[in-house]
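Residues per chain, in single letters:
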Amino acid sequence: MEDLSAAAEALRTGNLVAFPTETVYGLGGDATNESALNKIFQAKGRPRNHPLIVHLAAADMLRDWTNNVPTYAAELAIAFWPGPLTIILKAASTVGRLVTGGQDTVGIRVPSHPVALELLSLFAQSGGSGVAAPSANRFGKVSPTSAQAVRQELAQFLSPADLIIDGGDCQVGVESTIVDCTGSTPAIARPGAVTARMIQDVLGSEPSTFSNNMRVSGSLPGHYSPRAKVLLNTIAAPGDGLIAMSDVKTPHGVIRLLKSATSAEYARGLYRALRQADDIGLESVVAILPSGDDIAVAIRDRLSRASSDQTDFLSFSD
Ligand code: TXA
Ligand code: MG
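Quick caveat, the model's predicted, so the values are computed rather than measured.

A. The sheet that holds strand β12 (residues 255-260), seen in detail. An order of β10-β13-β11-β12 is seen for the four strands of this open sheet, with the pairing classed as parallel. Here the strands that pair on one side only, and so sit at the sheet edges, are β10 (229-232) and β12. Looking at each pair of strands side by side, their axes are set apart by 20° on average, direction ignored. Sheet analysis places β10 next to strand β13 (residues 284-287), joined by four bridges and oriented parallel. For leucine 232, the partnering residue across the bridge sits in β13 and is alanine 287. On top of the sheet, helix α8 (residues 263-279) reaches β10, β11 (241-245), β12 and β13; it is set at about 160° to β12, its chief contact. Relative to the sheet, helix α9 (residues 296-307) contacts β10 and β13, its axis offset from that of β10 by approximately 125°.

B. Expanded view of α9. Taking 1.5 Å per residue, twelve residues should reach 16 Å; α9 reaches 16 Å between its end C-alpha atoms and fits that length. Listing the buried residues of α9 in full gives Ala296, Ala298, Ile299, Asp301, Arg302, Leu303, Arg305 and Ala306. The inward-facing, buried residues of α9 contact β9 (187-190), β10, α8 and β13.

C. The environment of alanine 43, seen in detail. Turning to its location among the elements, alanine 43 is positioned in helix α2 (residues 34-44). Sequence separation between alanine 43 and threonine 66 is 23 residues; the distance between their C-alpha atoms is 28 Å. Apart from the residues lying within four places of it in its own chain, the contact partners of alanine 43 are Leu16, Leu27, Arg138, Leu154, Phe157 and Leu158.

D. Structural view of the pairing of strand β4 (residues 85-90). Counting buried positions along β4 gives five out of six residues, so the element sits mostly inside the fold. As paired elements, β4 and strand β8 (residues 177-180) share four bridges and run parallel to each other. Within the sheet, the bridge partner assigned to threonine 86 lies in β8 and is isoleucine 178.

E. Region of interest: the nonpolar core. The biggest cluster of nonpolar side chains holds 61 residues, and the ones touching the most others in it are Leu27, Leu76 and Leu119. Listed in part, the 24 residues of the second largest apolar core include Val24, Val172, Leu257 and Ala277.

F. Structural view of the packing of aromatic side chains. This model, assessed by the stated rule, comprises zero aromatic pairs. One residue, arginine 138, lies across the ring of phenylalanine 157, its end atom 3.7 Å from the ring centre.

G. Structural detail: unusual backbone geometry. The peptide bond linking tryptophan 81 to proline 82 adopts the cis configuration, its omega dihedral lying at -10°. Tracing the backbone through its elements, the reader meets proline 82 in the loop between α3 (71-80) and β4.

H. Region of interest: the side chain of threonine 177. By the secondary structure assignment, threonine 177 is in strand β8. Exposure remark for threonine 177: the relative accessible area of 0% places this residue in the buried category. Excluding anything up to four places from it in sequence, threonine 177 contacts Pro84, Leu85, Thr86, Ile188, Arg190, Pro191, Gly192, Ala193 and Val194.

Parameters and conventions
In every chain, residue numbers begin from 1 and rise along the written sequence. Lettering for chains starts from A, numbering for ligands starts from 1, and both go in the order in which the items are written. For this predicted model, a pLDDT threshold of at least 70 governs which residues receive local features, and a threshold of 80 or more governs which side-chain atom pairs are given and counted, while totals over whole chains, interfaces and linings are taken from all residues. Each side-chain value is worked out from all heavy atoms of the structure, with water and hydrogens disregarded. At least two bridges found by DSSP between two strands is the condition for calling them paired. Comment: elements are numbered from the N terminus, with helices defined as DSSP H or I runs of at least four residues and strands as E runs of at least two. With axes taken as lines fitted to C-alpha atoms, and helix axes fitted only over the stretch in contact, angles between N-to-C directions fall between 0 and 180 degrees. We call two residues in contact whenever any of their non-hydrogen atoms come within 4.5 Å of each other. Expected span of a helix, by definition, is 1.5 Å for each gap between consecutive residues, and there is one gap fewer than residues. In this scheme, a residue with accessible area under 20% of its type's maximum is buried, one over 50% is exposed, and one in between is partly exposed, where area comes from a 1.4 Å probe on protein chains only. We define the nonpolar core as a collection of buried residues of types Ala, Val, Leu, Ile, Met, Phe, Trp, Tyr and Cys that are connected through side-chain atoms lying within 4.5 Å of one another. Each Phe, Tyr or Trp ring (for Trp, its six-membered ring) is paired with any other whose centre lies within 6.5 Å, and the angle between the two planes then decides the class: stacked below 30 degrees, edge-to-face above 60, tilted in between. Placement of a positive charge over a ring is assigned whenever Lys NZ or Arg CZ falls within 6 Å of the ring centre and within 35 degrees of the normal to the ring plane.

Structure (structure tokens):
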């Protein structure tokens, strides 16, 4: 693995580091450093009242961020960390407003990508705690799943002291499952690779599948959108892009962007395919949604947001 101590040092001195996680690339900054957090919002063009996920090297660092971990939340952390799960907990009073978006909660995750874990451990060893990292894309756009995509999205908005670490393509391909653990039972606020069924297998009861009054920017319609228009479950016309499972044939003149044998493969390739549509200047992309209750749930969630044409809602949302 490349030497990540310079990257940990960059974080310690208040600069930004874009790094790979198993889900998507994150744009990281010291979660206790207001100036670093401001840089994140600026580089992303993201409204300052949208909360950030704090990434930790290990679950025992939770106590820097919260004083209240319900038993079921601890069970989820033990079962799925390191991994693609974010849990929302009541924030300790010391947690800054830029991290919480002014709410009384904080989102925490321990990622499993070896580069992310190494970077977070080096950061912790040098006296740091959490790294706030939203997906490394401009606000409302498709999350990057390769270092090349991060460069394309953000290079022009970063400063020379900021770094982009290349850790190859992300294995999961869609953002982490977010589970609100502030109530008496868990509620899935954003579906991901950790599914409702997997949570039920650990806790013995089914989680509810959304919670309101939380500000989850990725839950706005019009989010995760490429420039191309995304059309769902229709017949692609010549000149359209097509994203579908491999049993779906490509009509004549249609540009096949993704052909996957499994929903895991679909998730892994989805954002690359949407980016490719924009790179080659396609006007429309047809996506045939995968069925099933595995990561297909997250794919359907992201694609229905990408296809929703409510940019007004997005800009007025807050
Ligand atoms: O897989 C992921 O979660 C990636 C990688 C980089 O870890 N990160 C990611 O971050 O997707 P972001 O900021 O693009 O999306 C995180 C979502 C946002 O919609 C944010 O509003 C929500 O998590 N969130 C974070 N903290 C929250 C909180 N305290 N309460 C409610 N929602 C929260
Ligand atoms: Mg995002």
